[in-house]
Amino acid sequence: MSTTAHIDKLFRQSYPRIISVLLSRYGAYHLTDIENAVMDAYMSAIRTWPHRGMPDEPQAWLHTSAKNAYIDIQRKSARDQVRDNHYHITQEQTTVNEIDPEDVGDPELKLLFLICSPHLARIDQLAFMLKTLSGFGNREIAQALMQKEETIKKRLSRARSNLKSKQVQFDWPEEAELQSRLSMVHRALYLLFNEGFYSSHPEQWVKKDLCLEAMRLCKYLTDHRLANADSYALMSLMCFHISRYESRLDEDGNIILLSDQDRSHWDPFFINLGNHYITKSASSTTDKSKYQIEAYISAQHCIAPSIDQTNWALLKELYKALYHIEPQDMVLLNLVLVKLHLAEIDEAKALFESIQVDRLQTNKSIYFMVGVELYSKVKDQFQIELLLEKAIQASDSKKELSILQSRLKDIQDNKN
Amino acid sequence: MKEFMMIFTAGEPHYETLSPSDMQQRLSLWQAWIEDLKAKNIYVDGRALKSQRFLAESADGILTDGPFVEAKELVSGFFVVKAVDYEAAAEISRGFPDYDLGAKVMISEIETFSDYQ
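The rules behind these values
- Residues numbered from 1 in each chain as written.
- Chains lettered and ligands numbered in written order.
- Predicted model: local features only at pLDDT ≥ 70, side-chain atom pairs only at ≥ 80, totals over all residues.
- Helix = DSSP H or I, 4+ residues; strand = E, 2+ residues; numbered from the N terminus.
- Buried ≥ 20, exposed ≤ 12 C-beta atoms within 10 Å, placed from the backbone.
- Contact = placed C-beta atoms within 7 Å.
- Pairing = 2+ DSSP bridges.
- Axes fitted to C-alpha atoms, helices over the stretch in contact; angles between N-to-C directions.
- Left-handed = near helix turned anticlockwise from the far one by under 90°.
- Nonpolar A, V, L, I, M, F, W, Y, C, P; charged D, E, K, R; others polar.
- Core = buried A, V, L, I, M, F, W, Y, C linked by C-beta atoms within 7 Å.
- Parallel < 35°, antiparallel > 145°, perpendicular 65-115°, else oblique.
- Expected span 1.5 Å × (residues − 1).
- Arc of directions from axis to C-beta.
- pLDDT = per-residue confidence, 0-100.

1. Details of the overall build of chain A
Link 1 in the chain: Looking only at helices and strands, one finds 19 helices and 0 strands in chain A.
Link 2 in the chain: When burial is assessed residue by residue, chain A has 36% of its 416 residues classed as buried.

2. Some thoughts on the overall build of chain B
Link 1 in the chain: For chain B, the count of helices and strands is 2 helices and 6 strands.
Link 2 in the chain: Of the regular secondary structure in chain B, the N- to C-terminal order runs β-α-β-β-β-β-α-β.
Link 3 in the chain: If you line up chain B on its principal axes, its C-alpha atoms span 45 × 40 × 20 Å.
Link 4 in the chain: With 117 residues in all, chain B has 21% of them scored as buried.
Link 5 in the chain: For chain B, restricting intrachain contacts to residue pairs at least 6 apart in sequence, the fraction spanning at least 24 positions comes to 75%.

3. Digging into the environment of Pro50(A)
Link 1 in the chain: Among the secondary structure elements, Pro50(A) is positioned in helix α3 (residues 31–52).
Link 2 in the chain: Judged by the 24 C-beta atoms lying within 10 Å of it, Pro50(A) is buried.
Link 3 in the chain: Ignoring anything within four residues of it in the chain, the contact list for Pro50(A) reads Trp30(B), Gln31(B) and Ile34(B).

4. Some details on the pairing of strand β5 (residues 75–83) of chain B
All names here are of chain B.
Link 1 in the chain: Here strand β1 (residues 2–9) runs beside β5; their pairing, made up of 8 bridges, is antiparallel. Bridging from a neighbouring strand, Phe4 pairs with Val81 of β5.
Link 2 in the chain: In this sheet, β5 lies alongside strand β2 (residues 43–48) in antiparallel orientation, the contact comprising 5 bridges. Note that in β5 the partner of Gly46 across the bridge is Phe79.

5. A look at the sheet that holds β1(B)
Residue and element names in this part refer to chain B.
Link 1 in the chain: Strand order in the open sheet formed by 4 strands is β2-β5-β1-β6, with antiparallel pairing between adjacent strands. In the strand order of this sheet, the two ends are held by β2 and β6 (105–109), each with one partner. On average, adjacent strands in this sheet sit at an angle of 15° to one another, irrespective of strand direction.
Link 2 in the chain: Relative to β6, β1 runs antiparallel, the two sharing 5 bridges.

6. Quick look at the packing of helix α12 (residues 268–283) of chain A against helix α13 (residues 290–303) of chain A
All names here are of chain A.
Link 1 in the chain: Orientation of α12 relative to α13, taken along the N-to-C sense of each, is 145°, at an axis distance of 11 Å. In this structure, α12 meets α13 at a crossing whose hand is left-handed. Contacts between α12 and α13 involve Ile271, Gly274, Ile278 and Ser281 from the first element and Gln292, Ala295, Ala299 and Cys302 from the second.
Link 2 in the chain: Taken together, the residues of the contact of α12 with α13 break down into 5 nonpolar, 3 polar and no charged.

7. Things to note about the interface of chain A and chain B
Link 1 in the chain: Opposite the 23 residues of chain A that make contact, chain B presents 24 residues.
Link 2 in the chain: Those elements that provide at least two residues to the side of chain A that touches chain B are α2 (10–26), α3 and α7 (138–145) of chain A.
Link 3 in the chain: Broken down by element, the side of chain A that touches chain B gets its largest block of residues, 11 residues, from α3(A).
Link 4 in the chain: Taken together, the residues of the side of chain A that touches chain B sort by class into 12 nonpolar, 7 polar and 4 charged.

8. Details of the nonpolar core
Link 1 in the chain: By size, the foremost hydrophobic cluster in this structure holds 105 residues, and its most contacted members are Val38(A), Leu112(A) and Met238(A).
Link 2 in the chain: Tallying contributions element by element places α3(A) first for this core, with 11 residues.
Link 3 in the chain: Setting aside chain neighbours within four positions, we find Met238(A) in contact with Phe193(A), Ala214(A), Met215(A) and Cys218(A).
Link 4 in the chain: Listed in part, the 9 residues of the second largest apolar core include Ile42(B), Ala83(B), Ala89(B) and Ile92(B).

9. A word on the packing of helix α15 (residues 329–341) of chain A against helix α16 (residues 345–354) of chain A
Residues and elements named next belong to chain A.
Link 1 in the chain: With their axes 8 Å apart at the nearest point, α15 and α16 run at an angle of 165° to one another. By the angle between their directions, the pair α15 and α16 is classed as roughly antiparallel. Judged by the twist between their axes, the crossing of α15 over α16 is left-handed. Residues Leu332, Leu335, Val336, Lys339 and Leu340 of α15 form the contact with α16, whose own contacting residues are Ile345, Glu347, Ala348, Leu351 and Phe352.
Link 2 in the chain: Across the contact of α15 with α16, the residue classes tally to 8 nonpolar, no polar and 2 charged.

10. Comments concerning helix α17 (residues 364–377) of chain A
All names here are of chain A.
Link 1 in the chain: The end-to-end C-alpha distance of α17 is 20 Å, a good match for the 20 Å that 14 residues give at a rise of 1.5 Å each.
Link 2 in the chain: Turning to α17, its buried residues number three or more, namely Tyr367, Phe368, Val370, Gly371 and Leu374. For α17, the buried positions fall inside an angular range of 165° around the axis, keeping them on one side.
Link 3 in the chain: Elements that come into contact with the buried residues of α17 comprise α15, α16 and α18 (381–394).

11. Comments concerning the environment of Asn162(A)
Residue and element names in this part refer to chain A.
Link 1 in the chain: Mapped onto the elements, Asn162 comes out in helix α8 (residues 149–165).
Link 2 in the chain: Since 16 C-beta atoms lie within 10 Å of it, Asn162 is described here as partly exposed.
Link 3 in the chain: For Asn162 and Asp267, which are 105 residues apart along the polypeptide, the C-alpha to C-alpha distance reads 42 Å.
Link 4 in the chain: With sequence-adjacent residues up to four places away left out, Asn162 is seen in contact with His119 and Leu120.

12. Remarks on unusual backbone geometry
Link 1 in the chain: Backbone geometry places Gln167(A), a non-glycine residue, at a positive phi of 50°.
Link 2 in the chain: Tracing the sequence through the fold places Gln167(A) in the loop between α8 and α9 (175–198).

13. A closer look at the confidence of the model for chain A
If pLDDT is low for a region, its predicted coordinates should not be looked at in detail.
Residues and elements named next belong to chain A.
Link 1 in the chain: When pLDDT is averaged along chain A, the result is 84, and 87% of the positions lie at 70 or above.
Link 2 in the chain: Summarising per-element confidence for chain A, the mean pLDDT is lowest in helix α1 (residues 2–6) (44) and highest in helix α11 (residues 229–243) (96).
Link 3 in the chain: Counted against residues more than four places away or in other chains, residues 1–5, with its pLDDT under 50, gives 5 contacts.
Link 4 in the chain: Every residue in residues 86–102 is under pLDDT 50, and counting partners more than four places away or in other chains gives 22 contacts.

14. A few points about α7(A)
Link 1 in the chain: With 6 of 8 residues buried, α7(A) is to be regarded as a mostly interior element.
Link 2 in the chain: What α7(A) keeps buried is the set Asn138(A), Glu140(A), Ile141(A), Ala142(A), Ala144(A) and Leu145(A).

15. Comments concerning the environment of Gln143(A)
All names here are of chain A.
Link 1 in the chain: When you line up the elements, Gln143 lands in helix α7.
Link 2 in the chain: Its 18 C-beta neighbours within 10 Å are what place Gln143 among the partly exposed residues.
Link 3 in the chain: Taking C-alpha positions, Gln143 is 27 Å from His30, a pair spaced 113 residues apart along the chain.

16. A look at the confidence of the model for chain B
All names here are of chain B.
Link 1 in the chain: The share of residues in chain B with pLDDT of 70 or more is 97%, and the mean pLDDT across the chain is 91.
Link 2 in the chain: The secondary structure element of chain B with the lowest average pLDDT is strand β4 (residues 63–65), at 88, and the one with the highest is β6, at 97.
Link 3 in the chain: Interface confidence for the predicted complex, expressed as ipTM, amounts to 0.91; the pTM equals 0.79.

In C-alpha cells form, the structure reads like this:
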C-alpha cells in the first residue's frame, strides 16, 4: 500500500496541469472534451496500474493518456458527425515528457485569466475555478461554497457554454485589457480566500482547503512576470491571515475574537512570508491599494506581542483609508473595535449605531459580538439583551442559536 | 484449486458526478483488492481492455468497427483467480470496486485438461 500513500493526491493535483496544457494546445472551445479526456485517463490508470504497478512517471503517464483519450474523442465525434467530409485526424506520436519545467504555472495562469474573463458571470467563476484549477468535484464545490450540487452543475454548464458560444480564445488577453483582467483575477482569488476564511461552514478543513487553494493559485501569479504590486499585497494578506487560521476558531468552529486568541499559535512561517510579500509590493508602487491596506492591517496584528501593545492609532488610520477605498459596513465594524481599544467609547458607540444590521448580508454574528463588546464597556445590559434578541431572530445556524440563547439566559438570570 | 475467470463490464461512469479525488479513491480500492488477492496467492492474471472493438465475421480479413453492445455492457477487463468453488469465487467478487458505477462481474470456471482425466 506504500505506492498508494505517496500518490494520494496525484489525481487532484495533476488535474489543473493537464487541463490547462491541453487547453492551451487545443483551445477553450474543446473544454468539455478535454475534461472527459482527463477523466478517461484516470479511468485507464484505475484499470491498468493495479495489475502492472505504478508507472515510473505517473504525472507524465496521465498526461500522455489524457492527450490520447482526447484525440480518440475527437476522432469519434468526427466519425459520428462529418462522415462525408473525410475528416481526418492523424494520431500524433506522443512523447512522455510533455511538461516543460520552464513554463510551470504558465498554462494554469492562462486558465485563471480565462476563468476571470468578463464573458463568465462573476457568480460562476468561483465554481468554475474550483472545478478546473483545483480539481474539485461538483459535490466538493457544492460543499465548499455551501450551495446545492444542482446549482453548481448549472453554474458550470453555463460557464462552459459561454466559453463555447462566445468563442473565447485560450490565450492571454490583449495588452490593453491585461491590467483590468489582472485585477479581476485578484478579486476572484480574494473572494475564494474569504469564502474559506469567513464562511460559517461547519467543516473547518473544507474552509481551510479553500484558503490554501486561493494561495496556491495566487502563487502562480506572484511567480509570474505579470504579477504587480497588488498581486504581492494579496499574497501577503493571505499569508498573514492564514498564520492565525487555527487560533481564530475554537474546537466547535466558533470565532474567537482577536483579543482572546493565543498568539503563540500564530504561524511564524506565514508571518515571515507575509512580510516578504508586503515589502515586495511596497517597493513596486507608491499608491496604497485595498489589498495593501488590508495586508498592513493584518500585519499590525501579527507583529504586535499582545492586544494592548498593538498600534491601534495606526490601525484606525488604516481602517479609515480602507473605508475611503471601499465603503463597507464590515470595515466600520472593525473600526468600532479599534476605537474601543483607543478608549474612544462615544465615537465607537455613535459609529456602531450608524450601522444598519439589516444591510449586513453575512457576518451578522460578528456585528453581534462587536455590539456586545461595545455595550459591555459602557455596561448597558439593556442594549446587550436587545442585541442578543435581535441576533437570535437573525440567526440561521443551530449552533449559533444555542450559544446566543444561553448567553441571553445568563444575563437574564444575573438580573433576577 | 480451480481457476475462475471474472469478466468485468464497464458500467456507466458519470464523469459529471465523479471528482479526481473519487477516481483516486477508486484506484486505491482496486490496488488494495489486487494486493489482497496476491497476498493470498490466488491472483493468477488480469488485464484491462480498451473500449474500441473490431469484429471479424468471416475469413476475408475484413473487420467491422464496434462497439457492438451498449457501452455499459462492454467488457472492460478480466481477472483469473484461484478458488475452490463458485462460492469462494463469489466471495472474491465482493471486493470488486465498481458496482456503484453499474458495472457487473461475470464469473466462469475455466475448463482445464485435468477435469477430464
